[in-house]
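Inside the fold
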Amino acid sequence: MKRVGYWISEKKSKKLNFEDHRELFRNAGFELVKIDLTAPLEQQGPFDVIIHKLTDYLAKANEGYQPAQEYIQRMQMYVQDHPECIMMDPIDSLQKLLNRNKQYKSVLKCDLLSQDSSVFTPTFVQLTTKDMEINRKKLTEAKVTYPFVCKPTASHGSRMAHMMAIIFNEEGLKDINPPCVAQSFINHNAVLFKIFVIGSKVFVVERPSLKNLYPSDQATICFDTQEVSKRDSTHFLNQLDASDLDSSPVVPDMERLTEVGRSIRRAMRLDLFGVDVIIDSEIKSYAVIDINSFPGYDGIDNFFDILIDYLKDVTGDLKNKIEESNNEDSLQVRKRLKPETEKTDEISSESYLNIEAKNILVQDVPNGLVNNQYSFVNKHSNTIGNSATNGL
Ligand SMILES: O=P(O)(O)O[C@@H]1[C@@H](O)[C@H](OP(=O)(O)O)[C@@H](OP(=O)(O)O)[C@@H](O)[C@H]1OP(=O)(O)O
Ligand SMILES: Nc1ncnc2c1ncn2[C@@H]1O[C@H](COP(=O)(O)OP(=O)(O)O)[C@@H](O)[C@H]1O
Ligand SMILES: [Mg+2]
């Protein structure tokens with residue numbers, strides 16, 4: 001029996017019904033061990049794999065909160081002392097997510113952004129003062145355009161991380177609340193695509209998003225992101241204006257969305273994460289606007305089966321390769337091996353798109369070729385039918 005150490009918050013554990021899946025893990029040969037971060041890890045191990053969402057503690061540790069620093073250090077020491085233990089989403093990778101400025105800079109380094117001109121991250125700049133002149137200059141230099149979204153620099157660690165403002169004009173610069181990242185607003189017909197990644201598997205779920213917005217003399221709008229992009233959000237900002245209702249519906253290129261997930265995985269060395277992507281309603285380019293560690297996977301019904309398959313992958317073939325290697329520090333070898341496994345896995349990976357929260361759309365990409373025929377699996381009736389891309 002392989003031992004899987006895990007640490008996620010109580011809230012997340014309940015949301016995912018994590019504990020109810022112990023039996024499923026056991027039947028697959030994995031014993032789930034809940035990690036107690038307040039106690040030494042050596043006595044709680046050994047762990048073959050560790051899965052976690054430590055972003056909030058890491059944010060607190062960065063702020064100097066001592067208990068959180070101890071928890072993070074405990075985890076890091078364990079992984080350092082046990083190179084045979086595979087830690088998903090290493091702390092260094094999480095650090096890049098916690099600060100939106102660093103996060104967007106990391107996205108810019110993704111190979112996909114240099115290879116595919118239709119994938120981008122909207123222009124952004126970090127603002128650290130309320131001084132309107134300084135901010136005006138920085139925004140101009142960074143080519144940030146009106147309207148823009150002001151996002152707290154810290155992406156995790158408190159409710160404030162999700163309180164944002166949309167600034168429409170120069171007068172609105174007085175509403176900037178530093179430290180924040182200002183990012184050009186991209187009109188996307190109020191449709192958000194959440195890419196959910198579980199190792200080499202990539203899923204896409206459609207969500208409501210913000211309506212199209214234009215530069216104007218209107219006052220700054222403040223909003224809580226948790227109210228606008230959930231499956232059932234019905235915020236006034238989700239309702240497209242009548243003049244935008246006619247614009248053509250956004251049809252996602254599943255292969256491109258899948259590649260966004262893979263490319264970010266390669267660049268940021270993450271295993272369990274989500275990417276928020278919007279498609280520019282004018283030029284149809286794909287904008288990466290947010291990366292989340294261990295998201296809710298809402299809409300991925302068989303999340304645990306897929307996670308278990310991934311655990312089998314990383315504790316099976318990959319681990320054998322690591323153990324066979326005695327030339328180098330095995331942790332280093334593991335780090336270099338990850339992209340290799342990814343390449344072979346790519347052939348078998350599938351993408352799922354949840355349409356109107358009822359249908360799961362399965363895209364077949366045989367041998368990496370894009371196939372325009374999709375199969376809808378209705379979750380309620382289990383019936384299967386076919387539809388072409390433009391039938392969405
Ligand atoms: O489930 P958690 O741990 O509260 O984290 C949520 C979660 O990642 C959520 O993603 P999703 O499940 O809705 O895809 C994130 O939503 P957004 O991408 O819409 O912001 C939340 O931000 C996460 O909360 P937190 O920032 O506390 O990690
Ligand atoms: N640059 C942008 N252009 C248009 N809409 C955006 C942009 N950035 C964010 N949004 C909207 O705001 C929501 C929250 O932004 P996001 O960066 O994902 O914050 P959070 O980390 O709180 O999820 C998104 O789901 C999307 O609806
Ligand atoms: Mg988001």
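Residues numbered from 1 in each chain as written. Chains lettered and ligands numbered in written order. Predicted model: local features only at pLDDT ≥ 70, side-chain atom pairs only at ≥ 80, totals over all residues. Heavy atoms only, no water.

1. Section: the overall build of the protein
For the record, the criterion: Runs of E in the DSSP output that reach at least two residues are strands. Runs of H or I that reach at least four are helices, and both are numbered from the N terminus. For every residue, the accessible area obtained with a 1.4 Å probe (protein chains only) is divided by the maximum for its type, and the residue is called buried under 20%, exposed over 50%, and partly exposed between those limits. What makes two residues a contact is simply this: any of their non-hydrogen atoms within 4.5 Å. With residues, only the protein chains shown are counted as cover, and all accessible areas are computed by Shrake-Rupley using a 1.4 Å probe.
Across its full length, the protein carries 12 helices and 18 strands. Across the 392 residues that make up the protein, the buried fraction comes to 52%. Sequence-distant contacts, at least 24 apart, represent 66% of the contacts inside the protein between residues at least 6 apart. Only carbon and sulfur atoms are counted for the fraction: they give 50% of the accessible area of the protein, which is about 18,400 Å².

2. Here we look at the UniProt feature "binding site: Mg(2+) 2" (unreviewed entry) in the protein
Formally: UniProt positions are given in the numbering used here, feature names are shortened, and annotations may be inferred rather than shown by experiment.
According to UniProt, the feature "binding site: Mg(2+) 2" (unreviewed entry) maps to Asp290 and Asn292 in the numbering used here. Look at Asp290 and you get buried, because its relative accessible area is 13%. In this view, Asp290 contacts Arg100, Gln103, Tyr104, Gly274, Val275 and Asp276; residues no more than four positions away in its chain are not counted. Among the structural elements, Asn292 can be located in strand β14 (residues 286-293). Not counting residues within four places of it along the chain, the set of residues in contact with Asn292 comprises Leu97, Lys194, Leu272, Phe273, Gly274 and Asp276.

3. Side note on the site of ligand 2
To be explicit about the condition: We call a residue near a molecule or strand when any one of its heavy atoms sits within 4 Å of it. Two N or O atoms form a polar contact when they lie within 3.5 Å of each other; inside protein one atom must be a possible hydrogen donor and the other a possible acceptor, and for residues adjacent in sequence the pair counts only when both atoms belong to side chains. Gly falls in the polar group here, along with every residue not listed as nonpolar (Ala, Val, Leu, Ile, Met, Phe, Trp, Tyr, Cys, Pro) or charged (Asp, Glu, Lys, Arg).
Around ligand 2, the surrounding shell holds 21 residues, and the nearest of these are Lys151, His162, Ser209, Thr225 and Ser229. Ser184 places a main-chain nitrogen or oxygen 3.0 Å from a nitrogen atom of ligand 2. The contact in question runs from an oxygen atom of ligand 2 to an N or O atom on the backbone of Ile289, over 3.5 Å. Computed on the free molecule, ligand 2 has an accessible area of 550 Å², of which 97% lies beneath the protein chains in the complex. Looking at the shell around ligand 2, the elements with two or more residues in it are β7 (148-152), β9 (180-184), β13 (272-279) and β14. Here the shell around ligand 2 is composed, by residue class, of 10 nonpolar, 7 polar and 4 charged.

4. Focus: the site of ligand 1
Surveying the vicinity of ligand 1 reveals 16 residues, the closest of which are Lys12, His162, Lys194, Asn292 and Gly296. Between ligand 1 and the protein, one listed contact pairs an oxygen atom with a side-chain N or O atom of Lys15 at 2.8 Å. Lys194 is positioned such that a nitrogen or oxygen atom in its side chain is 2.7 Å from an oxygen atom of ligand 1. Here ligand 1 has 550 Å² of accessible area as a free molecule, and 91% of this is covered by the chains. At the level of elements, α1 (10-16), β10 (191-198) and β14 are the ones that each hand at least two residues to the shell around ligand 1. Top element by residues in the shell around ligand 1 is α1. It accounts for 3 residues. Across the shell around ligand 1, the residue classes break down as 2 nonpolar, 5 polar and 9 charged.

5. Topic: the nonpolar core
Nonpolar side chains in soluble globular proteins generally cluster together in the buried interior. Convention followed: Here, the term nonpolar core denotes a set of buried Ala, Val, Leu, Ile, Met, Phe, Trp, Tyr and Cys residues that are joined through side-chain atoms within 4.5 Å.
With 48 residues, the main nonpolar core has Ile50, Ile195, Val260, Ile264, Val275 and Ile291 as its most contacted residues. With 6 residues, helix α4 (residues 66-81) is the largest single contributor of residues to this core. Among residues more than four places away in sequence, those in contact with Ile50 are Gly5, Ile35, Met75, Tyr78, Val79, Cys85, Ile86, Met87 and Met88. Core analysis: the second largest hydrophobic core is formed by 28 residues, Tyr6, Phe203, Tyr310 and Leu311 among them.

6. Things to note about a positive patch on the surface
For the record, the criterion: Within this analysis, patches are made of residues with over 30% relative accessible area and no salt bridge. Like charges are joined at 9 Å or less; nonpolar side chains (Val, Leu, Ile, Met, Phe, Trp, Tyr) at 5 Å or less. When a carboxyl oxygen of Asp or Glu is within 4 Å of a side-chain nitrogen of Lys or Arg, the pair counts as a salt bridge. Counting rule applied: Lys, Arg positive; Asp, Glu negative; His and chain ends not counted. For this purpose, a charge sits on NZ of Lys, CZ of Arg, CG of Asp or CD of Glu.
A cluster of basic residues, Lys96, Lys105, Lys109 and Arg269, forms a positive patch at the surface. Here Lys109 lies in the loop between α6 (100-108) and α7 (111-115). Relative accessible area serves as the criterion here: at 70%, Lys109 is assigned to the exposed category.

7. Let's talk about the packing of aromatic side chains
Keep this limit in mind: Pairs were defined over the aromatic rings of Phe, Tyr and Trp, the Trp ring being its six-membered one, requiring ring centres within 6.5 Å. Orientation was assigned from the angle between planes: stacked under 30 degrees, edge-to-face over 60, tilted for the rest. Distance and angle both matter: a charge sits over a ring if NZ of Lys or CZ of Arg is within 6 Å of the ring centre and within 35 degrees of the ring normal.
Summed over the entire model, instances satisfying the criterion amount to 14 aromatic pairs. Ring geometry for Trp7 against Tyr57: centres 5.1 Å apart, planes inclined by 50°, an arrangement best described as tilted. With Trp7 in strand β1 (residues 2-7) and Tyr57 in helix α3 (residues 55-62), this pair connects stretches of sequence that are 50 residues apart. The exposure class assigned to Tyr57 is partly exposed, which follows from its relative accessible area of 25%. What links up through ring pairs into an aromatic cluster is the set Tyr6, Phe18, Phe25, Phe196, Phe294, Tyr297, Phe303 and Phe304. Over the ring of Tyr286 we find Arg256, and its NZ or CZ is 5.3 Å from the ring centre.

8. Looking at helix α8 (residues 132-141)
Of the residues flanking the start of α8, the one acting as N-cap is Asp131, its side-chain oxygen 2.9 Å from the backbone nitrogen of Glu133. Looking at the residues trailing α8, positive phi occurs at Lys143, about 60°.

9. A few points about the pattern of salt bridges
A full pass over the atoms with the stated rule returns 19 salt bridges. With its nearest N and O atoms 2.5 Å apart, the salt bridge here joins Lys34 to Glu10. Taken as a pair, Lys34 in strand β2 (residues 30-34) and Glu10 in helix α1 lie far apart in primary sequence, 24 residues in all. Given a relative accessible area of 45%, Glu10 falls into the partly exposed group.

10. Some words on the coordination of the magnesium ion (ligand 3)
The test is simple: Any N, O or S atom lying within 2.8 Å of the metal counts as a donor, with the limit raised to 3.2 Å for Na, K and Ca; because water is left out of the atom set, some sites can appear incomplete.
Coordination of the magnesium ion (ligand 3) by the protein involves Asp276 (OD) and Asp290 (OD), with metal-donor separations of 2.1 to 2.2 Å. One end of the pair, Asp276, is in strand β13; the other, Asp290, is in strand β14, with 14 residues separating them in the sequence. Exposure class is identical for Asp276 and Asp290. Each is buried.

11. Focus: the packing of helix α5 (residues 91-98) against α6
A pair of packed helices is captured by two measures, namely the crossing angle of their axes and the spacing between those axes. Rules: Axis angles are defined between N-to-C directions and span 0 to 180 degrees, where every axis is a line fitted to C-alpha atoms and, for a helix, only to the segment in contact. Note on terminology: angles under 35 degrees are roughly parallel, angles over 145 are roughly antiparallel, angles of 65 to 115 are roughly perpendicular, and the others are oblique.
Two elements in contact, α5 and α6, have axes whose closest approach is 5 Å; the angle formed by their N-to-C orientations is 110°. It follows that α5 is roughly perpendicular to α6 by the angle criterion. In contact with Gln95, Lys96, Leu97 and Leu98 of α5, α6 contributes Arg100, Lys102, Gln103 and Ser106. For the contact of α5 with α6, a count of residues per class yields 2 nonpolar, 3 polar and 3 charged.

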